[in-house]
Amino acid sequence: MDALSDVLRAVRLSGAFFFDVHARAPWVAETPLGRSVVDAMFPGSDHLISYHLLIEGSCWVELDGEKPVQLTAGDIIVLPQGDTHVLCTEIGMRKSPQMAMYRRPETGSLFPAKVQVGTDDGAPAHFVCGFLGCDSRPYNPLLTALPRMIHVRNHASGALGEYFRFALAESRNRMGGECMLGRISELMFVDVIRRYLESLPDDRTNWLSGLRDPYVGRALMALHATPARDWTLEALAQEAALSRSAFAERFTQFVGQPPMQYLTSWRMQLATNYLRSGNEGVAAIANRGGYESEAAFSRAFKKAAGVPPSEWRVQHVCAA
């Protein structure tokens, strides 16, 4: 089992290109806080990831608490934590975002809306703004491992360039284009994550770097392959080919929580999908999650999600 793919499926990643921006210097565009607009853009998701692809020109990206980053044509910037941020021609420029723009079009069309910003005769810039919705609760280990900003230089080369050229072709209102654009957006994000993973220094310890660790990675693959198995610390340590104490210490160092706690957290994430997508009773879902009793599952679920499973289902399915 590929643990990264498993997580991406379970957190219901959904993408779309929203804005095709043509700008003339001086110009500024500010993206609002993700949680303030995610409901309007991706109903049913609770977390928003933003990204921008610069096609022509150059600009700055400013994120509070981080050093400004300059983008040139061919660059991609990804904001995994949904922070508000600014794209501008000069550092320090600000303009309140137009909140009404950040919603799914009433027509239902998700082809990128053309936007003009700036003056009539300044230096030109052209960029595309895309967004992805996903679940952050009850547990999304990928988000905890990602920084506030990922900068990919010269995306025109390699797979990212192919995705991007395909996206530009699909944005011309071709039949089936909306579905294709959403999938391309998701593929581009996955490729950015893979590039980020490959660039992590050897001494970095988080969930992503744990995937490539020969010991922790084996345990994560086994756990994600059969999450309902009656796992014990000893069994996972055997998968990792380490002693129990050495494995527990190494796993916690990379993942940020002990192995059995991680297993419980991941089971709860899977349980929300079972509750959302089917008509199975809580007892059946408890059994699918590896729990011997509905009561034990309900206690674990309430601790993770804040409400019992039946109440969670009402809030997230019946009210949708």
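Before reading on, note that the structure itself is shown above.
The model shown is predicted, which means the values in this text are computed figures rather than measured ones.

Can you break down the overall build of the chain residue by residue, with the values?
Broken down by element type, the chain carries 13 helices and ten strands. In terms of overall size, the chain behaves like a compact globule, its C-alpha atoms giving a radius of gyration of 21 Å where 320 residues would be expected to give roughly 20 Å. Summarising its shape, the C-alpha atoms of the chain cover approximately 70 × 45 × 35 Å along the three principal directions. The buried share of the chain, taken over its 320 residues, is 48%. Look at the contacts in the chain between residues 6 or more apart in sequence, and 76% of them connect residues 24 or more apart. Only carbon and sulfur atoms are counted for the fraction: they give 51% of the accessible area of the chain, which is about 15,200 Å². The positive charge centre, built from 32 side chains, and the negative charge centre, built from 34, are 3 Å apart in the chain.

Before we move on, could you go through the state of the cysteines and cite the residues and values that matter?
One pass over the structure, following the stated rule, counts zero disulfides. Free cysteine: Cys 88, not disulfide-bonded; nearest cysteine sulfur from Cys 59 at 7.4 Å. On the accessibility criterion, Cys 88 (0% relative accessible area) is buried. As a non-bridged cysteine, Cys 134 has Cys 129 as the owner of its nearest cysteine sulfur, 18 Å distant. Residue Cys 134 is classed as buried on the basis of its relative accessible area of 2%.

Explain the sheet that holds strand β7 (residues 85–88) to me, using residue names and the numbers behind them.
Pairing between the strands of a sheet comes from backbone hydrogen bonds, and it takes one of two forms, parallel or antiparallel. Strand order in the open sheet made by the four strands is β2-β7-β4-β5, with antiparallel pairing throughout. Only two strands of the sheet have a single partner each, and these edge strands are β2 (28–31) and β5 (69–72). Recorded for the sheet is a direction-independent mean angle of 20 degrees between the axes of neighbouring strands. By the bridge criterion, four bridges tie strand β4 (residues 58–62) to β5 in an arrangement that is antiparallel. Following the sheet pairing, Val 61 is matched in β5 by Val 69.

Report on the pattern of salt bridges, specifying residues and quantitative values.
This model, assessed by the stated rule, comprises 13 salt bridges. Residue Glu 66 pairs with Arg 148 through a salt bridge whose shortest N-O separation is 3.4 Å. Taken as a pair, Glu 66 in the loop between β4 and β5 and Arg 148 in the loop between α3 (141–145) and β10 (150–152) lie far apart in primary sequence, 82 residues in all. Residue Glu 66 is classed as partly exposed on the basis of its relative accessible area of 39%.

Break down the packing of aromatic side chains for me, citing the residues and quoting the values.
Taken as a whole and assessed by the stated rule, the structure comprises 13 aromatic pairs. Note on Phe 18 and Phe 131: the rings are 5.7 Å apart at their centroids and 85 degrees apart in plane angle, and the pair reads as edge-to-face. In this pair, Phe 18 sits in strand β1 (residues 14–24) while Phe 131 sits in strand β9 (residues 124–134), placing the two residues 113 residues apart along the sequence. Chaining the aromatic ring pairs together yields one cluster made of Phe 18, Phe 19, Phe 42, Tyr 102 and Phe 131. One residue, Arg 229, lies across the ring of Trp 231, its end atom 3.9 Å from the ring centre.

So, how was this worked out
- Residues numbered from 1 in each chain as written.
- Predicted model: local features only at pLDDT ≥ 70, side-chain atom pairs only at ≥ 80, totals over all residues.
- Heavy atoms only, no water.
- Helix = DSSP H or I, 4+ residues; strand = E, 2+ residues; numbered from the N terminus.
- Rg over C-alpha atoms; globule rule 2.2 N^0.38 Å.
- Buried < 20%, exposed > 50% of the residue type's maximum accessible area, 1.4 Å probe, protein only.
- Contact = heavy atoms within 4.5 Å.
- Areas by Shrake-Rupley, 256 points an atom, 1.4 Å probe, with all protein chains shown as cover.
- Lys, Arg positive; Asp, Glu negative; His and termini not counted.
- Charge placed at Lys NZ, Arg CZ, Asp CG, Glu CD.
- Disulfide = S-S within 2.5 Å.
- Pairing = 2+ DSSP bridges.
- Axes fitted to C-alpha atoms, helices over the stretch in contact; angles between N-to-C directions.
- Salt bridge = Lys/Arg side-chain N within 4 Å of Asp/Glu carboxyl O.
- Phe/Tyr/Trp six-rings, centres within 6.5 Å; stacked < 30°, edge-to-face > 60°.
- Lys NZ or Arg CZ within 6 Å of the ring centre and 35° of its normal.

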